[in-house]
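One letter stands for each residue in the lines below.
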Amino acid sequence: QLQVVESGGGLVQPGGSLRLSCVASGFPLPNYAVGWFRQAPGKEREGVSCISSSGDATKYADSVKGRFTASRDNAKSTVYLQMDNLKPEDTAVYYCASAVQAMCARSWAPFEYDVWGQGTQVTVSS
């Protein structure tokens, strides 16, 4: 069974940090880029970050540049999203997804990703 599972979400105060993890099973995650997406209540899902299969290339949405950092440990089939200086507008369900190729696509189109996790809730509130 191909799957990715996110963890690490929770409640944090503004300015705080969280690290999300995405663990894959059933397929060789090191062969594929991995994206992070989020969806807030009443809003469309948006792309947040992508990291290439080797970890050498990353891209970020403008809203999180300088605050979020993607990394990966291919030996553990795990991808991370370090989120610093969190803001209330970062509140959302965060999803990881394995891409269909090794490099991050130019777009955030969902069809570029084929294995999605169930999501983990991140709430930023005082």
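Residues numbered from 1 in each chain as written. Predicted model: local features only at pLDDT ≥ 70, side-chain atom pairs only at ≥ 80, totals over all residues. Heavy atoms only, no water.

**So, the packing of aromatic side chains**
Working step 1: For the coordinates displayed, the defined rule picks out five aromatic pairs.
Working step 2: Here the aromatic rings of Phe37 and Tyr113 are separated by 5.0 Å at their centres, their planes lie at 85 degrees, and the arrangement is edge-to-face. Of this pair, Phe37 sits in strand 4 (residues 34-39) while Tyr113 sits in strand 10 (residues 113-116), and the two are 76 residues apart along the sequence.
Working step 3: Measuring from centroid to centroid gives 6.2 Å for Tyr113 and Trp116, while their planes differ by 65 degrees, and the two rings are edge-to-face.
Working step 4: A relative accessible area of 4% means that Tyr113 is categorised as buried.
Working step 5: A relative accessible area of 26% places Trp116 in the partly exposed class.
Working step 6: A cation over an aromatic ring shows up here: Arg45 above the ring of Tyr95, its NZ or CZ 4.1 Å from the ring centre.
Working step 7: In this structure, Lys59 packs its charged tip against the face of Trp108, placed 4.1 Å from the ring centre. (Phe/Tyr/Trp six-rings, centres within 6.5 Å; stacked < 30°, edge-to-face > 60°. Helix = DSSP H or I, 4+ residues; strand = E, 2+ residues; numbered from the N terminus. Buried < 20%, exposed > 50% of the residue type's maximum accessible area, 1.4 Å probe, protein only. Lys NZ or Arg CZ within 6 Å of the ring centre and 35° of its normal.)

**Side note on unusual backbone geometry**
Working step 1: One non-glycine residue, Ser77, lies in the positive phi region at around 50 degrees.
Working step 2: Inspection of the secondary structure assignment puts Ser77 in the loop between strand 7 (68-73) and strand 8 (78-83).
Working step 3: Owing to a relative accessible area of 18%, Ser77 belongs among the buried residues under this scheme.
Working step 4: Positive phi outside glycine occurs at Asn85, with the angle close to 50 degrees.
Working step 5: By the element assignment, Asn85 lies in the loop between strand 8 and strand 9 (92-99).

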